[in-house]
Amino acid sequence: MKRPIRVLVAKVGLDGHDRGAKIIATALRDAGMEVIYTGLRQTPEMVVNAALQEDVDAIGISILSGAHNTVFPKIIQLMKAKGMDDVLLTGGGTIPDEDEKKLSALGIGKLFHPGSSTSSIVDYIKEWVNEHRAF
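What counts, and at which threshold
- Residues numbered from 1 in each chain as written.
- Predicted model: local features only at pLDDT ≥ 70, side-chain atom pairs only at ≥ 80, totals over all residues.
- Heavy atoms only, no water.
- Pairing = 2+ DSSP bridges.
- Helix = DSSP H or I, 4+ residues; strand = E, 2+ residues; numbered from the N terminus.
- Contact = heavy atoms within 4.5 Å.
- Axes fitted to C-alpha atoms, helices over the stretch in contact; angles between N-to-C directions.
- Expected span 1.5 Å × (residues − 1).
- Buried < 20%, exposed > 50% of the residue type's maximum accessible area, 1.4 Å probe, protein only.
- Arc of directions from axis to C-beta.
- Polar contact = N/O pair within 3.5 Å; in protein donor to acceptor, adjacent residues only side chain to side chain.
- Salt bridge = Lys/Arg side-chain N within 4 Å of Asp/Glu carboxyl O.

So, on to the sheet that holds strand β1 (residues 6–11). Read from one edge of the open sheet, five strands run β2-β1-β3-β4-β5, paired in parallel fashion. Edge positions in the sheet fall to β2 (34–37) and β5 (111–112), since each has one partner strand and no second. Pairing analysis gives five bridges linking β1 to strand β3 (residues 58–63), with the strands arranged parallel. If you follow Leu 8 over to β3, its bridge partner there is Ile 59. Across the face of the sheet, helix α5 (residues 118–132) comes into contact with β1, β3, β4 (88–93) and β5 while running at roughly 170 degrees to β4.

Structure follows, in C-alpha cells:
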C-alpha cells in the first residue's frame, strides 16, 4: 500500500456517548491508519459525504442508541448511491446478534460488541482493505 488506510469514525444521531469511538479512533491511529473523527450528532448524509470527500477506505460507526437498524441501512444505501462499493462499512455498539445477521445480509461488515479488542478491529480493517481496495 502506498498510503495509510483512511478510516472515518462517526457517531450518528443523538447518541452522546463517544468514549468508545475515541478509543477506537486512537487505536486505529496508533496502528498507522489515518483517522477522521467526525464527532457527535452526525446524520447518515453527513457521514457519507465526509467519507467521499476524504476518500476513505472504511467507515466505522459507533452506536449505542439502539438505532442501528435505521442508521446502518441508510448509510449503506447512500454509499451505494454514490458508488462507494469498495468502502467498508463497519462499526460497533450494543447490537443484538439477530440484528447483526440482518445488517450483514445488507452488506454491512463485521460489527464489534463492547469489550472487543482493539487489535481485532485493527486486523479486520487491514485485512478487508487489503482484499477489497485497489491502490
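Next comes the rest of the write-up.
What follows concerns helix α1 (residues 19–30). Relative to the 16 Å expected for twelve residues at 1.5 Å per residue, α1 spans 16 Å between its end C-alpha atoms, a close match to the ideal helical length. Of all the residues in α1, the buried ones are Ala 21, Ala 25, Ala 27 and Leu 28. One face of α1 carries all of its buried residues, which in axial projection span an arc of 165 degrees. Counted as exposed and oriented over 90 degrees from the buried face of α1: Arg 19 and Asp 30. Gly 32, located one to two residues past α1, shows a positive phi value of around 95 degrees.

Let us look at unusual backbone geometry. In this model, Arg 41 sits at a positive phi of 60 degrees, which is unusual for a non-glycine residue. Relative to the elements of secondary structure, Arg 41 occurs in the loop between β2 and α2 (44–54). If you check the backbone angles, Asp 55 has positive phi at about 50 degrees while not being a glycine. Mapping Asp 55 onto the fold places it in the loop between α2 and β3.

Our focus in this paragraph is helix α4 (residues 97–105). Listing the buried residues of α4 in full gives Asp 99, Glu 100 and Leu 103. In an axial view of α4, the angular spread of the buried residues amounts to 105 degrees, which keeps them on one side of the axis. Projecting away from the buried face of α4 at angles above 90 degrees are the exposed residues Asp 97, Glu 98, Lys 101 and Ala 105. Tucked inside the fold, the buried residues of α4 contact α3 (68–81) and β5.

Looking now at the side chain of Arg 3. Its place among the elements puts Arg 3 in the segment before β1. Side chain to side chain, Arg 3 and Asp 57 meet in a polar contact 2.9 Å long.

Turning our eyes to something else, we now look at the pattern of salt bridges. Counting across every chain of the model gives ten salt bridges. Here Arg 133 makes a salt bridge to Asp 55, at a shortest N to O gap of 3.7 Å. Linking Arg 133 in the segment after α5 with Asp 55 in the loop between α2 and β3, this pair joins segments that are 78 residues apart in sequence. Arg 133 is the salt-bridge partner of Asp 57, the closest N and O atoms lying 2.9 Å from each other. One end of the pair, Asp 57, is in the loop between α2 and β3; the other, Arg 133, is in the segment after α5, with 76 residues separating them in the sequence. Accessibility expressed as a relative area gives 0% for Asp 57, which makes it buried. Through salt bridges with shared partners, a single network forms among Arg 3, Arg 6, Glu 34, Asp 55, Asp 57, Asp 86 and Arg 133.

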